[in-house]
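What follows is the residue order along each chain.
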Amino acid sequence: MKGTLFLILGTPESKRRATLAQAVDPNDTTSHFLLPAELGLNDLNGGHWRWEKKQFIWEKISNDDIEEWFLFLSNEIDLAEQFEALLSLTQENEDLKIGRILTFINSELLKTDSNDLRNWIDACAHFSDVMLFSHRENDNAGMISNLIERFKNKYYPMETHIIGNKKSPPLNRILTPIPLRVSHIFDPKELLEPEDSAENDPYLASQPNGKRIIPIPLPFK
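It should be emphasised that the depicted structure is a prediction, and the values quoted were computed from it without experimental measurement.

(A) Broad picture of empty space enclosed by the protein. Using the criterion set out here, one finds 1 cavity of 30 Å³ or more in the structure. The calculated volume of the largest cavity comes to roughly 30 Å³. Together, Ile8, Leu9, Gly10, Leu73, Ser74, Asn75, Leu79 and Trp120 line the largest cavity. A per-element tally of the lining of the largest cavity places strand E1 (residues 3-10) first, with 3 residues. A per-class count over the lining of the largest cavity returns 5 nonpolar, 3 polar and no charged.

The structure is reproduced here in C-alpha cells:
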C-alpha cells in the first residue's frame, strides 16, 4: 500500500461522501475510498473495510495505480483504537503517508447541546487539519461561529469551512497535504518530543488500569 491516506471523520448526515466525491473524477482509478460497514458507497470508487483484532482489514486491491486513499472512520468503534490501528497501518506500509485528517459536522446536531457530542468534536479537533460544517441554517449559524471561535481561542491551527448548498468548498486547498493538526502522532518519530508521542497523546494515553485518561464518547452508536 502506497500513496497518500486521507482520514475522514464525520457525524451522520454531514455530507462527507457527497463533498469528497466532488474531489475525484469518477473515471479516475488513482483514487480509492474505504468505508465502514455502516456507510454505503454511494457510487464512490472503493469498497468497505471491516474491524478485526483492532485493525482495519479490507480485500486485497490489485490496482497498483492508486495514489490516494480516503479512509472513513467508523462512529461505532472507539476512535482512539482506530487511530492506534492507523499508526500500525502506516508503520507496516512505509510508502503510505498520512495526508490531511478531515472532520465533517452536521450543524443541525449542534442544537442538541449534548456533552457527548461536544467531547467527541473536541477529540476530532485535536486530530484534525480541517473541520467542515454542513447544513448551516440561521438557527445554528451562531453555534457554528461559537465553536470556531473556541478553537481559535485555543490557538488550534485547524482550518474551518462551511459547506454551502450552492458553492463547493475549496477542495484543492482542503486536501493539500500540509498538516495543521494539534496531534503529532503521525509525525516522524525522530522529530518528536517525548510529550508528542502516541503514548503521551492526551486521547491515546492510558491509565495503569488500561482505561483512557480522556475517553472519547460514541455519541452516534
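(B) Representation of the nonpolar core. Core analysis: the biggest nonpolar cluster contains 45 residues, and Leu5, Leu7, Leu71, Phe83, Leu86, Ile121 and Phe186 have the highest contact counts within it. Elements represented by at least two residues in this core include exactly E1, strand E6 (68-72), helix H2 (79-92), strand E7 (96-106), helix H3 (115-127), strand E8 (130-134) and helix H4 (141-153). When neighbours within four sequence positions are excluded, Leu7 is seen to be in contact with Leu71, Phe83, Leu86, Ile98, Arg100, Ile101, Leu102 and Phe186. By size, the runner-up hydrophobic cluster in this structure holds 18 residues, among which are Phe6, Phe33, Leu39 and Ile174.

(C) Spotlight on the layout of surface pockets. If you add up the space inside the largest pocket, you get close to 600 Å³. What lines the largest pocket is a set of 25 residues, among which Leu87, Thr90, Ile185, Phe186 and Asp187 lie closest to the centre. Of all elements in the fold, only H2 and E7 reach the threshold of two or more residues within the lining of the largest pocket. The element best represented in the lining of the largest pocket is E7, accounting for 5 residues. Of the residues assigned to the lining of the largest pocket, the class counts are 12 nonpolar, 5 polar and 8 charged. Together, 17 residues line the second largest pocket, and Met1, Trp58, Ile61, Trp69 and Asn93 are the ones closest to its centre.

(D) Local environment of unusual backbone geometry. The backbone of Lys15 shows a phi angle near 70°, a positive value even though the residue is not glycine. If you trace the backbone, Lys15 turns up in the loop between E1 and helix H1 (16-21). The phi torsion at Asp43 lies on the positive side, around 70°, for a residue other than glycine. Its location among the elements puts Asp43 in the loop between strand E2 (31-35) and strand E3 (46-48).

(E) Spotlight on the pattern of salt bridges. Going through the model one piece at a time under the given rule, you end up with 11 salt bridges. Across the salt bridge formed by Lys54 and Glu81, the nearest N and O atoms sit 3.3 Å from each other. Highlighted residues: Lys54 in the loop between strand E4 (50-52) and strand E5 (55-57) and Glu81 in helix H2, separated in sequence by 27 residues. Classification of Lys54 by relative accessible area gives partly exposed; the value is 49%. Between Arg100 and Glu159 there is a salt bridge; the shortest N-O distance is 3.5 Å. Within this pair, whereas Arg100 is found in strand E7, its partner Glu159 is found in strand E9 (residues 159-162), the two being separated by 59 residues in sequence. Look at Glu159 and you get buried, because its relative accessible area is 12%. Connected through shared salt-bridge partners, Arg50, Glu52 and Glu59 make up one network.

(F) Examining the side chain of Thr11 more closely. Note on placement: Thr11 falls in the loop between E1 and H1. By relative accessible area, Thr11 is classed as buried at 0%. Side-chain polar atoms of Thr11 contact the backbone nitrogen of Asn106, separated by 2.9 Å.

Cut-offs and rules
- Residues numbered from 1 in each chain as written.
- Predicted model: local features only at pLDDT ≥ 70, side-chain atom pairs only at ≥ 80, totals over all residues.
- Heavy atoms only, no water.
- 1 Å grid on protein atoms, 1.4 Å probe; cavity = no way out; pocket = protein on both sides within 12 Å on 5 of 7 lines; lining within 4 Å.
- Points joined across faces, edges and corners; volume = space filled by probe spheres on them.
- Helix = DSSP H or I, 4+ residues; strand = E, 2+ residues; numbered from the N terminus.
- Nonpolar A, V, L, I, M, F, W, Y, C, P; charged D, E, K, R; others polar.
- Core = buried A, V, L, I, M, F, W, Y, C linked by side-chain atoms within 4.5 Å.
- Buried < 20%, exposed > 50% of the residue type's maximum accessible area, 1.4 Å probe, protein only.
- Contact = heavy atoms within 4.5 Å.
- Salt bridge = Lys/Arg side-chain N within 4 Å of Asp/Glu carboxyl O.
- Polar contact = N/O pair within 3.5 Å; in protein donor to acceptor, adjacent residues only side chain to side chain.

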